[in-house]
Amino acid sequence: MSRAVNIAIVGAGLVGSAFINSLQSLRSSSIAYNIILIARSSKALVSKQYTPLPLKTWSSDLAAASSASALSPGDLAAYLEKSPLPVILVDNTSNEALARVYPLFLQQGVSIATPNKKAFSSELGLWTAIFKAAANLTGTEKRGLVYHESTVGAGLPIISTLKDLIATGDEIVKIEGIVSGTLSYIFNEFSTAGEGEVKKFSEVVFKAKELGYTEPDPREDLNGLDVARKLTILARLSGLEVQSATSFPVQSLIPKALDSVEEVSEFLARLPEYDAETEELRSDAAAQGKVLRFVGKVDLGDGVSDRVKVGIEKYDGSHPFASLKGSDNVIAFYTKRYGKNPLIVQGAGAGADVTAMGVLADVIKIAERIAK
Ligand SMILES: NC(=O)C1=CN([C@@H]2O[C@H](COP(=O)(O)OP(=O)(O)OC[C@H]3O[C@@H](n4cnc5c(N)ncnc54)[C@H](OP(=O)(O)O)[C@@H]3O)[C@@H](O)[C@H]2O)C=CC1
Ligand SMILES: N[C@@H](CC=O)C(=O)O
Ligand code: NA
């Protein structure tokens, strides 16, 4: 093995743990991936000499670490800047403060692989600063690379497909799909085409959380913001200057009366009180022979007023969206080249393993370009 990179992992929850497991089981790689840092919100394991951390007991070592070991984004930048090998920051958090430091990391030559949507779907200025700070193919400066496949559709090849379509000269006409694993699972279970048992909305929400599909705070899924963030990313990559994830119509599934609840535990405990509201939506659709699905659209067609839109739509039982299973995402790219029949990507769009796969594939792509 002749080449190596250093890897700093921030966020060791569901996706972070799955990422570490997948990286450890990588076989026959010609590049050595040296994990030099693993951090949670309040603790960190840091290799002061930039030598690989022992990984067999990382989880218990991290649990036993002192709370004084936690690093601020500034401390992290200072540590990574001195890495003797090219370094990749793997941000497996949903932390916005960390995302705001991406331009600094990139300027310092630190590359980034992440499923964290915050950096790419907050205000447009942050997006511009990130891609201005990142390496470009013609630049000679030492800049970092940034890859974020798992920010949309987990490991499904959505960002890479969209970039390839555009890079090869195709024109995006419309992108339409179901891009929330959580909301896909919830509506696939709650609003079905057949005669089966009718489930309670809140029970299906709890199950989606238990299966690891939801955001750390499931209200970010239910209020439509997670889908809005993904649509913001797709729209920006397609060339639309979307100001933020709240600058277009987004439908929320949070009952009005729970809007002001602060604690997530209280929100979840009270959610069953409002099952009747979602049941009314479901049964109305069922009476018309339709099912409910939570859909996002980016429309670049002539004369369209709402170019980006997120919310519930009703579909006939025969529509492909009606027969989705589990946490499947489905994205249809309508382009000039593909004409009337869109390019479709479908498969599991949430879950620790499939998300970690997308992050690891990004790490490998970066390492192939920067390892020494
Ligand atoms: N789960 C999924 O299916 C998918 C998730 N994603 C994205 O992946 C990311 C991680 O999700 P998931 O693993 O499910 O979430 P978890 O809540 O399981 O894990 C988040 C981790 O981030 C850590 N963390 C939060 N803030 C900080 C901070 N400031 N410094 C260091 N560590 C921090 C948490 O620390 P602590 O343990 O101390 O709380 C925790 O270890 C999110 O951005 C999510 O949107 C993307 C696609 C699919
Ligand atoms: N909460 C998200 C996780 C992936 O981005 C989802 O349900 O899709
Ligand atoms: Na993806």
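Residues numbered from 1 in each chain as written. Chains lettered and ligands numbered in written order. Predicted model: local features only at pLDDT ≥ 70, side-chain atom pairs only at ≥ 80, totals over all residues.

Colleague: What is the right way to look at the site of ligand 2 in this model?
Modeller: Contacts to ligand 2 come from Ala154, Ser180, Gly181, Thr182, Tyr213, Thr214, Glu215, Asp221, Asp226, Gly349 and Ala350. Of the residues in the shell around ligand 2, the class split is three nonpolar, five polar and three charged. (Near = placed C-beta within 6 Å. Nonpolar A, V, L, I, M, F, W, Y, C, P; charged D, E, K, R; others polar.)

Colleague: Teacher, can you tell me more about the UniProt feature "binding site: NADP(+)" (unreviewed entry) in the protein here?
Modeller: The residues that UniProt annotates with the feature "binding site: NADP(+)" (unreviewed entry) are Gly11, Ala12, Gly13, Leu14, Val15 and Gly16. Position of Gly13 relative to the elements: it lies in the loop between strand 1 (3-10) and helix 1 (14-24). When you line up the elements, Leu14 lands in helix 1. The residues touching Leu14, leaving out its near neighbours within four places in the chain, are Gly212 and Ala352. (UniProt positions renumbered as here; feature names shortened; annotations may be inferred. Helix = DSSP H or I, 4+ residues; strand = E, 2+ residues; numbered from the N terminus. Contact = placed C-beta atoms within 7 Å.)

Colleague: Just to check I follow, could you spell out the environment of Leu183 for this structure?
Modeller: Looking at where Leu183 falls in the secondary structure, it is placed in helix 9 (residues 181-190). For Leu183, a count of 32 C-beta atoms within 10 Å corresponds to the buried category. Along the sequence, Leu183 and Asp221 sit 38 residues apart, while their C-alpha atoms lie 7.1 Å from each other. (Buried ≥ 20, exposed ≤ 12 C-beta atoms within 10 Å, placed from the backbone.)

Colleague: Mind showing me how you'd approach the site of ligand 1 here?
Modeller: In the vicinity of ligand 1 lie 30 residues, with Gly11, Gly13, Val15, Arg40 and Ser94 positioned nearest. Secondary structure elements with two or more residues in the shell around ligand 1: helix 1 and helix 15 (352-370). Here the shell around ligand 1 takes three residues from helix 1, the largest share from any one element. A breakdown of the residues in the shell around ligand 1 according to their chemical character gives 12 nonpolar, 15 polar and three charged. Counting the residues that make up the shell around ligand 1, at least three belong to each of domain 1 (3-154 + 353-370) and domain 2 (159-349). (Domains from an automatic or database assignment.)

Colleague: Where do I start with the sheet that holds strand 1 in this structure?
Modeller: Across a sheet, strands are paired by hydrogen bonds formed along the backbone, either parallel or antiparallel in direction. As summarised here, the arrangement of the six strands in space is 3-2-1-4-5-6, forming an open sheet in which the pairing is mixed. Two strands in the sheet have a free side with no partner beyond their single neighbour: strand 3 (44-46) and strand 6 (146-147). Inspection of the sheet shows strand 2 (residues 31-39) paired to strand 3 by three bridges, in the antiparallel sense. Each bridged residue has a counterpart across the sheet, and for Ala39 the counterpart in strand 3 is Ala44. (Pairing = 2+ DSSP bridges.)

Colleague: Just to check I follow, could you spell out unusual backbone geometry for this structure?
Modeller: Excluding glycine, residues mostly have negative phi values, and the peptide bonds linking residues are mostly trans. Of note, Tyr50 is a non-glycine position whose phi angle comes to about 65 degrees, a positive value. For Tyr50, the location among the structural elements is in the loop between strand 3 and helix 2 (58-64). What makes Tyr50 partly exposed here is the crowd of 17 C-beta atoms within 10 Å. One non-glycine residue, Ala154, adopts positive backbone phi at about 50 degrees. For Ala154, the position within the fold is in the loop between strand 6 and helix 8 (159-167).

Colleague: Just checking my understanding: could you explain helix 9 for this structure?
Modeller: Residue pairs three or four apart in sequence face the same way in an α-helix, which turns once every 3.6 residues. Here helix 9 lies mainly inside the structure; nine of its 10 residues are buried. Looking only at helix 9, the buried set comprises Gly181, Thr182, Leu183, Ser184, Tyr185, Ile186, Phe187, Asn188 and Phe190.

Colleague: Would you mind showing me how to read helix 12 (residues 225-237) here?
Modeller: Compared with an ideal rise of 1.5 Å per residue, which puts 13 residues at 18 Å, helix 12 spans 18 Å between its outermost C-alpha atoms and is within 8% of the ideal. Of all 13 residues that make up helix 12, 12 are buried, and the element is covered over most of its length. Among all positions in helix 12, only Leu225, Asp226, Val227, Ala228, Arg229, Lys230, Leu231, Thr232, Ile233, Leu234, Ala235 and Leu237 are buried. Positive backbone phi, at 105 degrees, marks Gly239, one or two positions downstream of helix 12. (Expected span 1.5 Å × (residues − 1).)

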